[in-house]
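# Structural overview
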Amino acid sequence: MNNQRKKFEISRKVAYLNCANMSPLMKKVANAGKKGIAKKFKPYNLTGDDYFNDPHTAKKLFAQLINCPDWKRIATVGSAAYGIAAAAKNVPLKKGEKILVTDEQFPSNYYVWKQLAKEKEAEIVVAAAPDTTERRGEKWNEIILNSIDSQTKVVTMGQVHWADGTLFDLVKVREKCDEVGAALIVDGTQTVGAYPFDVQQIRPDALIVPAYKWLMGPYSIGLAYYGEMFDNGQPLEYPWVTAKDADKFSMGMEYVDGFRPGSLRYDMGQMSNFILNPMLIQSLKQVNQWTTNFIQTHCSDITHEPILRLKELGMYIEDEDSRGHHIFGVKYPEGTLDQLQKALKKHRVFVSFRGKFVRVAPHVYNDTRDMNKLIRAFEEVYS
Ligand SMILES: Cc1ncc(COP(=O)(O)O)c(C=O)c1O
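Residues numbered from 1 in each chain as written. Predicted model: local features only at pLDDT ≥ 70, side-chain atom pairs only at ≥ 80, totals over all residues. Heavy atoms only, no water.

Take the pairing of strand β6 (residues 183–187) next. With five of five residues buried, β6 lies mostly within the body of the structure. Side chains Ala183, Ile185 and Asp187 of β6 all project onto a buried face; the interleaved residues Leu184 and Val186 project onto the opposite face, where all are buried too. Taken together, the five bridges between strand β5 (residues 152–158) and β6 define a ladder with parallel strand orientation. Residue pairing across strands places valine 155 opposite leucine 184, the latter belonging to β6. (Buried < 20%, exposed > 50% of the residue type's maximum accessible area, 1.4 Å probe, protein only. Helix = DSSP H or I, 4+ residues; strand = E, 2+ residues; numbered from the N terminus. Pairing = 2+ DSSP bridges.)

Written out as C-alpha coordinates, the structure reads:
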(Lines give C-alpha, C1' and ligand atoms only; values in the text may rest on other atoms or scores of the structure.)
Protein backbone atom coordinates (compact mmCIF):
# COMPACT_ATOMS: atom_id res chain seq x y z
CA MET A 1 0.00 0.00 0.00
CA ASN A 2 1.91 3.03 -1.17
CA ASN A 3 0.90 6.37 -2.61
CA GLN A 4 -1.51 7.09 0.19
CA ARG A 5 -0.73 10.74 -0.34
CA LYS A 6 -3.03 10.73 -3.37
CA LYS A 7 -5.97 10.31 -1.05
CA PHE A 8 -5.22 13.77 0.38
CA GLU A 9 -4.58 17.23 -0.99
CA ILE A 10 -1.29 18.11 0.64
CA SER A 11 1.00 20.53 -1.13
CA ARG A 12 4.41 19.16 -2.13
CA LYS A 13 5.87 22.46 -0.94
CA VAL A 14 5.22 21.63 2.70
CA ALA A 15 6.29 18.81 5.00
CA TYR A 16 3.19 18.32 7.11
CA LEU A 17 4.38 16.36 10.14
CA ASN A 18 1.66 17.45 12.52
CA CYS A 19 -1.13 14.89 12.53
CA ALA A 20 -0.98 14.97 16.34
CA ASN A 21 -2.31 18.50 16.05
CA MET A 22 -4.84 18.11 13.23
CA SER A 23 -5.09 15.40 10.60
CA PRO A 24 -5.66 16.52 7.03
CA LEU A 25 -8.98 15.36 5.55
CA MET A 26 -8.94 12.77 2.84
CA LYS A 27 -10.76 13.76 -0.34
CA LYS A 28 -13.38 11.09 0.19
CA VAL A 29 -13.98 12.29 3.74
CA ALA A 30 -14.50 15.85 2.49
CA ASN A 31 -16.87 14.55 -0.19
CA ALA A 32 -18.91 12.72 2.42
CA GLY A 33 -19.26 16.02 4.27
CA LYS A 34 -20.46 17.74 1.10
CA LYS A 35 -23.12 15.07 0.67
CA GLY A 36 -24.14 15.69 4.27
CA ILE A 37 -24.54 19.40 3.55
CA ALA A 38 -26.63 18.54 0.48
CA LYS A 39 -29.05 16.67 2.73
CA LYS A 40 -29.81 19.83 4.62
CA PHE A 41 -30.78 21.53 1.36
CA LYS A 42 -33.63 19.07 1.09
CA PRO A 43 -34.66 18.24 4.63
CA TYR A 44 -37.92 16.76 3.35
CA ASN A 45 -35.87 13.72 2.33
CA LEU A 46 -34.71 13.03 5.87
CA THR A 47 -36.22 10.00 7.55
CA GLY A 48 -36.32 8.91 11.17
CA ASP A 49 -33.66 6.30 10.47
CA ASP A 50 -31.26 9.04 9.35
CA TYR A 51 -30.96 10.07 13.00
CA PHE A 52 -29.55 6.69 13.99
CA ASN A 53 -28.13 4.77 11.03
CA ASP A 54 -24.96 6.77 10.46
CA PRO A 55 -24.04 7.16 14.14
CA HIS A 56 -24.57 3.41 14.56
CA THR A 57 -22.34 2.67 11.57
CA ALA A 58 -19.60 4.92 12.95
CA LYS A 59 -19.83 3.15 16.32
CA LYS A 60 -19.54 -0.26 14.66
CA LEU A 61 -16.44 0.81 12.74
CA PHE A 62 -14.89 2.25 15.87
CA ALA A 63 -15.75 -0.93 17.82
CA GLN A 64 -13.93 -2.90 15.11
CA LEU A 65 -10.90 -0.61 15.41
CA ILE A 66 -10.58 -1.11 19.17
CA ASN A 67 -11.67 -4.78 19.12
CA CYS A 68 -14.81 -4.15 21.16
CA PRO A 69 -17.38 -6.92 20.68
CA ASP A 70 -20.42 -4.72 21.40
CA TRP A 71 -20.91 -1.47 19.45
CA LYS A 72 -23.56 -0.36 21.95
CA ARG A 73 -20.70 0.29 24.34
CA ILE A 74 -19.73 3.26 22.13
CA ALA A 75 -21.17 6.74 22.57
CA THR A 76 -20.87 9.73 20.25
CA VAL A 77 -19.17 12.65 21.97
CA GLY A 78 -18.31 16.19 20.92
CA SER A 79 -14.73 16.27 22.20
CA ALA A 80 -12.30 14.47 24.46
CA ALA A 81 -13.31 16.86 27.24
CA TYR A 82 -16.97 15.90 26.84
CA GLY A 83 -16.34 12.16 26.97
CA ILE A 84 -13.97 12.45 29.92
CA ALA A 85 -16.43 14.65 31.82
CA ALA A 86 -19.10 11.94 31.51
CA ALA A 87 -16.67 9.45 33.05
CA ALA A 88 -15.69 11.90 35.79
CA LYS A 89 -19.35 12.44 36.66
CA ASN A 90 -19.78 8.75 37.41
CA VAL A 91 -16.59 7.42 38.97
CA PRO A 92 -16.96 6.43 42.62
CA LEU A 93 -14.74 8.77 44.62
CA LYS A 94 -14.76 9.77 48.27
CA LYS A 95 -13.08 12.34 50.44
CA GLY A 96 -9.34 11.72 50.80
CA GLU A 97 -9.14 9.32 47.86
CA LYS A 98 -6.78 9.86 44.94
CA ILE A 99 -6.95 10.55 41.22
CA LEU A 100 -3.72 9.77 39.37
CA VAL A 101 -2.69 11.76 36.29
CA THR A 102 0.59 11.89 34.38
CA ASP A 103 2.90 14.88 34.27
CA GLU A 104 1.80 17.77 32.04
CA GLN A 105 -1.26 15.91 30.89
CA PHE A 106 -3.46 17.52 28.24
CA PRO A 107 -5.81 20.09 29.84
CA SER A 108 -9.02 18.36 28.63
CA ASN A 109 -7.97 15.41 30.79
CA TYR A 110 -6.91 17.48 33.79
CA TYR A 111 -9.25 20.36 34.61
CA VAL A 112 -12.29 18.13 34.99
CA TRP A 113 -10.43 15.98 37.55
CA LYS A 114 -9.15 19.03 39.37
CA GLN A 115 -12.73 20.22 39.71
CA LEU A 116 -13.93 16.78 40.82
CA ALA A 117 -11.14 16.58 43.39
CA LYS A 118 -12.22 19.95 44.73
CA GLU A 119 -15.87 18.93 44.96
CA LYS A 120 -15.14 15.59 46.65
CA GLU A 121 -12.18 16.77 48.70
CA ALA A 122 -10.09 14.17 46.93
CA GLU A 123 -6.45 14.49 45.92
CA ILE A 124 -4.82 14.73 42.50
CA VAL A 125 -1.53 12.85 42.33
CA VAL A 126 0.81 13.63 39.45
CA ALA A 127 3.13 10.86 38.26
CA ALA A 128 6.08 13.06 37.35
CA ALA A 129 8.35 12.39 34.39
CA PRO A 130 11.86 11.45 35.52
CA ASP A 131 14.47 14.12 34.96
CA THR A 132 16.76 11.96 32.87
CA THR A 133 17.45 10.97 29.30
CA GLU A 134 18.49 7.40 30.26
CA ARG A 135 15.69 4.85 29.93
CA ARG A 136 13.32 7.76 30.59
CA GLY A 137 10.19 6.03 29.28
CA GLU A 138 10.83 2.86 31.26
CA LYS A 139 11.44 4.84 34.44
CA TRP A 140 8.34 6.97 33.92
CA ASN A 141 6.25 3.82 33.60
CA GLU A 142 7.71 2.55 36.87
CA ILE A 143 6.89 5.86 38.56
CA ILE A 144 3.29 5.61 37.36
CA LEU A 145 2.87 2.07 38.67
CA ASN A 146 4.48 2.98 42.00
CA SER A 147 2.17 5.98 42.38
CA ILE A 148 -0.95 3.81 42.37
CA ASP A 149 -1.89 2.75 45.90
CA SER A 150 -4.90 1.61 47.90
CA GLN A 151 -6.25 5.17 48.06
CA THR A 152 -6.14 5.57 44.25
CA LYS A 153 -9.65 5.31 42.83
CA VAL A 154 -9.08 6.77 39.36
CA VAL A 155 -6.14 6.58 36.99
CA THR A 156 -6.69 8.82 33.98
CA MET A 157 -4.06 9.09 31.27
CA GLY A 158 -3.18 8.62 27.62
CA GLN A 159 -1.59 5.63 25.92
CA VAL A 160 1.28 7.93 24.98
CA HIS A 161 2.23 11.31 26.35
CA TRP A 162 0.81 13.90 23.99
CA ALA A 163 3.87 16.17 24.03
CA ASP A 164 6.85 13.80 23.83
CA GLY A 165 5.30 10.54 22.67
CA THR A 166 6.37 8.40 25.66
CA LEU A 167 4.48 5.11 25.50
CA PHE A 168 2.64 4.04 28.64
CA ASP A 169 2.12 0.37 29.37
CA LEU A 170 -1.63 0.37 29.93
CA VAL A 171 -1.82 -3.40 30.41
CA LYS A 172 0.40 -3.08 33.48
CA VAL A 173 -1.49 0.01 34.63
CA ARG A 174 -4.75 -1.95 34.34
CA GLU A 175 -3.30 -4.78 36.43
CA LYS A 176 -2.30 -2.33 39.14
CA CYS A 177 -5.73 -0.67 38.99
CA ASP A 178 -7.33 -4.09 39.47
CA GLU A 179 -5.15 -4.74 42.52
CA VAL A 180 -6.29 -1.55 44.25
CA GLY A 181 -9.80 -1.25 42.79
CA ALA A 182 -9.22 1.88 40.69
CA ALA A 183 -11.02 2.93 37.51
CA LEU A 184 -8.87 3.35 34.38
CA ILE A 185 -9.92 6.19 32.09
CA VAL A 186 -7.91 6.41 28.88
CA ASP A 187 -7.60 9.47 26.69
CA GLY A 188 -6.91 7.72 23.37
CA THR A 189 -6.61 10.97 21.40
CA GLN A 190 -2.96 10.54 20.44
CA THR A 191 -2.95 6.83 19.63
CA VAL A 192 -6.26 5.27 18.65
CA GLY A 193 -6.35 5.03 14.87
CA ALA A 194 -2.57 4.96 14.45
CA TYR A 195 -1.38 2.68 17.24
CA PRO A 196 -2.95 -0.64 18.27
CA PHE A 197 -5.53 -0.39 21.03
CA ASP A 198 -7.34 -3.55 22.09
CA VAL A 199 -10.14 -2.87 24.50
CA GLN A 200 -10.31 -6.54 25.51
CA GLN A 201 -6.63 -6.62 26.36
CA ILE A 202 -6.30 -3.25 28.09
CA ARG A 203 -9.80 -3.32 29.63
CA PRO A 204 -10.16 0.41 30.27
CA ASP A 205 -13.30 1.54 32.06
CA ALA A 206 -13.58 4.32 29.52
CA LEU A 207 -11.69 5.22 26.34
CA ILE A 208 -12.30 8.59 24.72
CA VAL A 209 -11.15 9.52 21.21
CA PRO A 210 -11.96 12.70 19.28
CA ALA A 211 -12.10 12.16 15.51
CA TYR A 212 -9.89 14.95 14.24
CA LYS A 213 -6.45 13.51 14.84
CA TRP A 214 -5.56 9.85 14.28
CA LEU A 215 -9.10 8.81 13.37
CA MET A 216 -8.57 11.14 10.39
CA GLY A 217 -12.06 12.52 10.75
CA PRO A 218 -13.75 15.88 11.20
CA TYR A 219 -13.55 18.28 14.13
CA SER A 220 -16.25 18.49 16.84
CA ILE A 221 -17.15 14.81 16.99
CA GLY A 222 -15.57 11.77 18.60
CA LEU A 223 -16.34 8.36 20.02
CA ALA A 224 -16.05 6.98 23.50
CA TYR A 225 -16.18 3.47 24.92
CA TYR A 226 -17.69 3.08 28.39
CA GLY A 227 -17.45 -0.24 30.23
CA GLU A 228 -19.78 -1.87 32.72
CA MET A 229 -18.72 0.48 35.52
CA PHE A 230 -20.82 3.15 33.81
CA ASP A 231 -23.90 1.05 33.06
CA ASN A 232 -26.06 2.76 35.66
CA GLY A 233 -24.45 6.18 35.45
CA GLN A 234 -25.94 9.54 34.65
CA PRO A 235 -24.97 11.27 31.40
CA LEU A 236 -23.98 14.91 31.09
CA GLU A 237 -27.19 15.75 29.25
CA TYR A 238 -30.57 14.19 28.53
CA PRO A 239 -31.34 14.55 24.81
CA TRP A 240 -34.26 12.73 23.20
CA VAL A 241 -31.90 10.42 21.26
CA THR A 242 -30.67 8.64 24.38
CA ALA A 243 -34.10 7.90 25.85
CA LYS A 244 -35.28 4.29 25.85
CA ASP A 245 -36.57 3.23 22.40
CA ALA A 246 -35.83 6.67 20.91
CA ASP A 247 -34.82 4.89 17.70
CA LYS A 248 -38.31 3.44 17.35
CA PHE A 249 -39.18 7.05 16.61
CA SER A 250 -42.78 6.96 17.73
CA MET A 251 -42.33 10.57 18.88
CA GLY A 252 -45.49 10.62 20.90
CA MET A 253 -45.69 13.03 23.77
CA GLU A 254 -45.32 10.35 26.43
CA TYR A 255 -42.06 10.64 28.33
CA VAL A 256 -40.34 7.34 28.98
CA ASP A 257 -38.20 6.06 31.82
CA GLY A 258 -34.71 4.81 31.15
CA PHE A 259 -32.12 4.96 28.43
CA ARG A 260 -31.15 3.15 25.27
CA PRO A 261 -29.00 0.05 25.99
CA GLY A 262 -25.33 -0.25 26.92
CA SER A 263 -23.46 3.03 26.87
CA LEU A 264 -25.79 4.81 24.45
CA ARG A 265 -27.02 6.96 27.34
CA TYR A 266 -23.74 8.89 26.99
CA ASP A 267 -24.46 10.00 23.42
CA MET A 268 -24.34 13.77 23.13
CA GLY A 269 -27.35 15.79 22.07
CA GLN A 270 -27.60 15.96 18.25
CA MET A 271 -25.30 12.97 17.94
CA SER A 272 -26.99 12.40 14.57
CA ASN A 273 -25.04 15.28 12.93
CA PHE A 274 -25.73 14.68 9.23
CA ILE A 275 -22.47 16.21 8.04
CA LEU A 276 -19.96 14.91 10.56
CA ASN A 277 -21.16 11.30 10.84
CA PRO A 278 -20.82 10.45 7.12
CA MET A 279 -17.32 11.97 7.23
CA LEU A 280 -16.41 9.97 10.29
CA ILE A 281 -17.66 6.78 8.64
CA GLN A 282 -15.39 7.31 5.63
CA SER A 283 -12.38 8.07 7.78
CA LEU A 284 -12.93 5.07 10.05
CA LYS A 285 -13.37 2.77 7.07
CA GLN A 286 -10.01 3.90 5.73
CA VAL A 287 -8.25 3.67 9.09
CA ASN A 288 -9.55 0.11 9.53
CA GLN A 289 -8.43 -0.75 6.04
CA TRP A 290 -4.94 0.65 6.54
CA THR A 291 -4.58 -1.10 9.93
CA THR A 292 -2.53 0.35 12.74
CA ASN A 293 0.30 -2.08 11.94
CA PHE A 294 0.63 -0.67 8.45
CA ILE A 295 0.63 2.90 9.80
CA GLN A 296 3.26 2.06 12.42
CA THR A 297 5.44 0.23 9.89
CA HIS A 298 5.25 3.09 7.40
CA CYS A 299 6.08 5.69 10.03
CA SER A 300 8.94 3.54 11.32
CA ASP A 301 10.34 3.12 7.80
CA ILE A 302 10.40 6.82 7.05
CA THR A 303 11.63 7.98 10.47
CA HIS A 304 14.28 5.39 11.34
CA GLU A 305 17.26 7.00 9.56
CA PRO A 306 16.20 10.59 10.27
CA ILE A 307 15.96 9.82 13.99
CA LEU A 308 19.52 8.44 13.97
CA ARG A 309 20.65 11.65 12.28
CA LEU A 310 18.79 13.82 14.82
CA LYS A 311 20.51 11.91 17.61
CA GLU A 312 23.87 12.47 15.91
CA LEU A 313 23.08 16.17 15.94
CA GLY A 314 22.71 15.95 19.71
CA MET A 315 18.92 15.75 20.06
CA TYR A 316 17.26 13.53 22.65
CA ILE A 317 14.50 11.21 21.42
CA GLU A 318 12.81 8.52 23.49
CA ASP A 319 14.15 4.95 23.03
CA GLU A 320 12.34 3.11 20.25
CA ASP A 321 10.69 0.57 22.55
CA SER A 322 9.26 3.34 24.74
CA ARG A 323 7.43 5.25 22.02
CA GLY A 324 5.18 4.80 19.02
CA HIS A 325 6.44 5.52 15.50
CA HIS A 326 3.70 8.04 14.70
CA ILE A 327 4.48 10.59 17.40
CA PHE A 328 7.79 11.46 19.00
CA GLY A 329 9.33 14.37 20.79
CA VAL A 330 12.70 15.80 19.83
CA LYS A 331 14.35 17.56 22.74
CA TYR A 332 16.51 20.36 21.42
CA PRO A 333 19.27 22.26 23.25
CA GLU A 334 17.96 25.00 25.53
CA GLY A 335 18.18 28.51 24.18
CA THR A 336 17.88 27.49 20.53
CA LEU A 337 14.09 27.59 20.13
CA ASP A 338 14.05 30.77 18.04
CA GLN A 339 16.64 29.54 15.55
CA LEU A 340 14.97 26.17 15.21
CA GLN A 341 11.54 27.69 14.66
CA LYS A 342 12.95 29.96 11.97
CA ALA A 343 14.70 27.08 10.19
CA LEU A 344 11.58 24.90 10.25
CA LYS A 345 9.53 27.78 8.91
CA LYS A 346 12.03 28.42 6.14
CA HIS A 347 11.85 24.78 5.03
CA ARG A 348 8.07 24.80 5.45
CA VAL A 349 8.08 21.98 7.95
CA PHE A 350 4.97 21.77 10.12
CA VAL A 351 5.45 20.32 13.60
CA SER A 352 4.34 21.40 17.08
CA PHE A 353 6.38 22.86 19.90
CA ARG A 354 5.28 21.27 23.14
CA GLY A 355 7.18 22.11 26.31
CA LYS A 356 10.84 21.28 25.81
CA PHE A 357 10.09 19.13 22.77
CA VAL A 358 9.42 19.52 19.09
CA ARG A 359 6.66 17.02 18.45
CA VAL A 360 6.93 15.22 15.13
CA ALA A 361 3.85 13.32 14.01
CA PRO A 362 4.01 11.64 10.57
CA HIS A 363 1.37 9.56 8.82
CA VAL A 364 0.97 7.51 5.67
CA TYR A 365 0.86 10.62 3.46
CA ASN A 366 4.42 11.47 4.53
CA ASP A 367 7.56 10.13 2.90
CA THR A 368 11.33 10.50 3.09
CA ARG A 369 11.17 13.80 1.20
CA ASP A 370 9.21 15.27 4.09
CA MET A 371 11.60 13.82 6.63
CA ASN A 372 14.59 15.17 4.69
CA LYS A 373 13.15 18.68 4.94
CA LEU A 374 12.93 18.25 8.70
CA ILE A 375 16.54 17.05 8.84
CA ARG A 376 17.77 19.93 6.68
CA ALA A 377 16.17 22.41 9.07
CA PHE A 378 17.84 20.76 12.08
CA GLU A 379 21.18 20.54 10.28
CA GLU A 380 21.04 24.21 9.51
CA VAL A 381 20.86 25.02 13.22
CA TYR A 382 22.91 22.29 14.86
CA SER A 383 25.69 21.11 12.53
C1 LIG B 1 -3.93 14.08 24.62
C2 LIG B 1 -5.00 14.97 24.07
N3 LIG B 1 -6.25 14.84 24.53
C4 LIG B 1 -7.24 15.60 24.04
C5 LIG B 1 -7.02 16.54 23.06
C6 LIG B 1 -8.16 17.35 22.53
O7 LIG B 1 -9.13 17.57 23.51
P8 LIG B 1 -10.55 18.16 23.13
O9 LIG B 1 -11.20 17.16 22.21
O10 LIG B 1 -11.24 18.27 24.45
O11 LIG B 1 -10.34 19.47 22.47
C12 LIG B 1 -5.72 16.72 22.58
C13 LIG B 1 -5.42 17.76 21.56
O14 LIG B 1 -4.31 18.07 21.27
C15 LIG B 1 -4.70 15.90 23.08
O16 LIG B 1 -3.44 15.99 22.62
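Here the narrative resumes, following the displayed structure.
Looking now at the packing of helix α10 (residues 337–346) against helix α11 (residues 368–382). Packing of α10 against α11 brings their axes to within 9 Å, and their N-to-C directions diverge by 140 degrees. In the crossing of α10 with α11, the sense of the turn from one axis to the other is right-handed. Packed against α10, whose contacting residues are Gln339, Leu340, Ala343, Leu344 and Lys346, the element α11 presents Leu374, Ala377, Phe378, Glu380, Val381 and Tyr382 at the interface. (Axes fitted to C-alpha atoms, helices over the stretch in contact; angles between N-to-C directions. Left-handed = near helix turned anticlockwise from the far one by under 90°. Contact = heavy atoms within 4.5 Å.)

Time to look at the sheet that holds strand β11 (residues 352–354). One open sheet accounts for three strands, arranged β9-β12-β11; its pairing is antiparallel. At either margin of the open sheet sits one strand with a lone partner, and together these are β9 (328–331) and β11. Each neighbouring strand pair of the sheet contributes to a mean axis angle of 35 degrees, computed without reference to strand direction.

The next point concerns the site of the ligand. Near the ligand, the surroundings consist of Ser79, Ala80, Ala81, Phe106, Ser108, Trp162, Asp187, Thr189, Gln190, Pro210, Tyr212 and Lys213. Contact between the ligand and alanine 81: an oxygen atom at 3.0 Å from a main-chain N or O atom of the residue. Between the ligand and threonine 189 there is a distance of 3.2 Å, counted from a nitrogen atom to a side-chain nitrogen or oxygen. Here the ligand, which alone exposes 400 Å², has 88% of that area covered by the protein. (Near = heavy atom within 4 Å. Polar contact = N/O pair within 3.5 Å; in protein donor to acceptor, adjacent residues only side chain to side chain. Areas by Shrake-Rupley, 256 points an atom, 1.4 Å probe, with all protein chains shown as cover.)

On to the domain arrangement of the protein, then. Segmenting the protein into domains produces domain 1 (5–20 + 291–382) and domain 2 (34–289). The C-alpha centroid of domain 2 is placed 28 Å from the C-alpha centroid of domain 1. At the interface, 27 residues of domain 1 touch 25 residues of domain 2. Together, Thr292, Tyr316 and His326 form the three largest contributors to the area buried by domain 1 at its contact with domain 2, with a combined 22%. Here domain 1 and domain 2 share one salt bridge between them. The salt bridge partner of arginine 136 is glutamate 318, with a shortest N-O separation of 3.7 Å. Taken together, domain 1 and domain 2 are joined by eleven residue pairs in polar contact (both at pLDDT 80 or more). (Domains from an automatic or database assignment. Buried area = accessible area lost by both parts, 1.4 Å probe. Salt bridge = Lys/Arg side-chain N within 4 Å of Asp/Glu carboxyl O.)

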